[in-house]
Amino acid sequence: MIRVGVVGTGMIGQDHIHRITNVLKGAQVTAVNDVDEQRARQACAKEHLDAEVYESGIDLIQAPDVDAVIVTSWGPTHEEFVLAAIEADKPVFCEKPLAVTAEGCKRIVEAELQKEKQYVQVGYMRRYDKGYKALKKLVDEGQVGEPLVVHCAHRAPSAPNFSEDMPLTDSFPHEIDTLRWLLDDEFVSAQVVLPRKTSHSSIQDPHIILLETEKGTRIDAEIFVNCQYGYDIHCEIIGEQGIANLPEPASVLMRKQAKRTNEILVDWKERFLEAYDKEIQEWIDSVQAGKVTGPSAWDGYKVALTVEACVEAKSSREIIAVHKQEIPSLYAASDKLLK
Ligand code: NAD
Ligand code: ISE
């Protein structure tokens, strides 16, 4: 049984604690920490857990009875905790973002390179979603031919706590990671187009992001985090031979009062429930096997480089190049395994 320590027991931290305790196999949460100690204690009580509550995340990471670490605290704290886990020789699952700057992600990559070992999995769960996996299989088999254009939309009902650039730094990273993986390609440039703003928010919303890849595929993505009507994720790949769409979540089609209706989910936790379960189960299995798989620190770094290009593109209104980086051999091997 893998003894897991969780740093950050907020919304998604509690969710992962719940799934490890009640749904998944092979691990148990034996240690927790949160800057809000009360929240850490409540998270344990909710799951009837007899876990030790640590005063600091670093103490938890260094504790001899913690085998592996989950970091689900606020984004700006991730880098410190991930570096501490690598230093302590412990596998670490870090929710997105790996770090809030590309420089921070690079420091994590360098720490792994120095140890010549991968410790980190980043929480890009869409790679574990059944629909995205089916889409990738189809693309890999060449069923729609070479992908030429991709249309994406990432819509959430409301995001009252978002600051100005968070649709780009907090929501869009999911598309960035998924598209690199789906297309087996890298981004070369980013442009951000700002449409008329919704009156339901004080920040710019929606955004349209245009990305270009090394192979020349063009992507347009609408990120609309106050769309009101639901949590709705779209991805349409236009290939040389045909078009492939991400499947919609299953939902009963109802005919009533002269209308045909389908429900639309409103909560991201529901939309990717199975994907989160699969993601964390595979992480536990990989920890047991002694070889971390899944989205790597390198993937987290590549996402951060693209996010930085998007933020600069938004403020400058120009097309901004995404920094090109050669993949170190440590990551090249595991990258192949994932594809
Ligand atoms: P949250 O605010 O609900 O929870 C974060 C918790 O971290 C809080 O309880 C806070 O007190 C704690 N915390 C902050 N600083 C800390 C520190 N230094 N040490 C220990 N605890 C600390 O936020 P959330 O929605 O759970 O998000 C957490 C992270 O997960 C974010 O990085 C977010 O982007 C990511 N996230 C990912 C997904 C996904 O779909 N993969 C979904 C939601 C959130
Ligand atoms: C949130 O942080 C997530 O990661 C969700 O998966 C995402 O869809 C949402 O837009 C983000 O705010």
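Residues numbered from 1 in each chain as written. Chains lettered and ligands numbered in written order. Predicted model: local features only at pLDDT ≥ 70, side-chain atom pairs only at ≥ 80, totals over all residues.

## Structural notes on the overall build of the protein
Part 1: Each helix and strand counted, the protein has 12 helices and 15 strands in total.
Part 2: Computed over its C-alpha atoms, the radius of gyration of the protein comes to 20 Å, within 12% of the 20 Å expected for a compact globule of 339 residues.
Part 3: When the backbone C-alpha atoms are referred to their principal axes, the protein occupies close to 55 × 55 × 40 Å.
Part 4: Relative to its full complement of 339 residues, the protein shows a buried share of 42%. (Helix = DSSP H or I, 4+ residues; strand = E, 2+ residues; numbered from the N terminus. Rg over C-alpha atoms; globule rule 2.2 N^0.38 Å. Buried ≥ 20, exposed ≤ 12 C-beta atoms within 10 Å, placed from the backbone.)

## Side note on the domain arrangement of the protein
Part 1: The domain boundaries assigned to the protein delineate domain 1 (2-126 + 275-295 + 326-338) and domain 2 (142-267 + 303-308).
Part 2: When each unit is reduced to the centre of its C-alpha atoms, the spacing between domain 1 and domain 2 is 27 Å.
Part 3: Contacts between the two partners involve 10 residues from domain 1, matched on the other side by seven residues from domain 2.
Part 4: When the residues that make up the side of domain 1 that touches domain 2 are grouped by side-chain class, the tally is seven nonpolar, one polar and two charged. (Domains from an automatic or database assignment. Contact = placed C-beta atoms within 7 Å. Nonpolar A, V, L, I, M, F, W, Y, C, P; charged D, E, K, R; others polar.)

## Examining the sheet that holds strand β6 (residues 120-122)
Adjacent strands of a sheet pair through backbone hydrogen bonds, lying either parallel or antiparallel.
Part 1: Pairing in this open sheet of six strands is parallel, and the strands run β3-β2-β1-β4-β5-β6 from one edge to the other. Each edge of the sheet is formed by a strand with only one pairing partner; in this case those strands are β3 (52-53) and β6.
Part 2: Taken together, the four bridges between strand β1 (residues 2-7) and strand β4 (residues 68-71) define a ladder with parallel strand orientation. Each bridged residue has a counterpart across the sheet, and for glycine 5 the counterpart in β4 is valine 69.
Part 3: Each of β1, β2 (27-33), β4, β5 (92-94) and β6 is contacted by helix α10 (residues 273-289), which is oriented at about 125° to β1, the strand it contacts most. (Pairing = 2+ DSSP bridges. Axes fitted to C-alpha atoms, helices over the stretch in contact; angles between N-to-C directions.)

## Some words on helix α4 (residues 78-87)
An α-helical turn contains 3.6 residues, so a residue and the one three or four places further along point in the same direction.
Part 1: In terms of burial, α4 is a largely internal element, eight of the 10 residues being buried.
Part 2: Buried within α4 are the following residues: His78, Glu79, Phe81, Val82, Leu83, Ala84, Ala85 and Ile86.
Part 3: One or two positions beyond α4, positive phi appears at aspartate 89, with a value near 65°.

## Things to note about the site of ligand 2
Part 1: Taken together, the neighbourhood of ligand 2 is formed by Ala156, Asp170, Ser171, His174 and Trp268.
Part 2: Considering only residue class, the shell around ligand 2 consists of two nonpolar, two polar and one charged. (Near = placed C-beta within 6 Å.)

## Considerations on the site of ligand 1
Part 1: Near ligand 1 you find 24 residues, and of these Gly8, Gly10, Met11, Ser73 and Glu95 are the closest.
Part 2: No other element matches helix α1 (residues 11-22), which puts three residues into the shell around ligand 1.
Part 3: Looking at the shell around ligand 1, its residues break down into seven nonpolar, 11 polar and six charged.

## So, the pairing of β4
Part 1: Both faces of β4 are covered, namely the face carrying Ala68 and Ile70 and the face carrying Val69 and Val71.
Part 2: For the segment spanning β4, α4 and β5, crossover handedness is right-handed. (Right-handed = clockwise from strand over helix to strand, strands pointing away.)

## Examining the sheet that holds strand β7 (residues 147-155)
Part 1: Spatially, β12-β11-β7-β10-β9-β8-β15 is the arrangement adopted by the seven strands of the open sheet, whose pairing is mixed. Looking at the sheet topology across the chains shown, the edges are occupied by β12 (243-245) and β15 (320-321).
Part 2: Here seven bridges tie β7 to strand β10 (residues 218-224), and the two strands are oriented parallel to one another. If you follow valine 149 over to β10, its bridge partner there is arginine 218.
Part 3: Sitting on the sheet, helix α11 (residues 297-316) touches β8 (187-193), β9 (207-213) and β15, and the angle it makes with β8 is about 35°.

## Here's the deal with the nonpolar core
Part 1: Within the largest apolar cluster, 89 residues are counted, with the highest numbers of intra-cluster contacts made by Val82, Leu98, Ile108 and Ala190.
Part 2: No other element matches α11, which puts 10 residues into this core.
Part 3: Taken domain by domain, the makeup of this core includes at least three residues from each of domain 1 (2-126 + 275-295 + 326-338) and domain 2 (142-267 + 303-308). (Core = buried A, V, L, I, M, F, W, Y, C linked by C-beta atoms within 7 Å.)

## So, the pairing of β10
Part 1: Here six bridges tie β9 to β10, and the two strands are oriented antiparallel to one another. For leucine 210, the partnering residue across the bridge sits in β10 and is aspartate 220.

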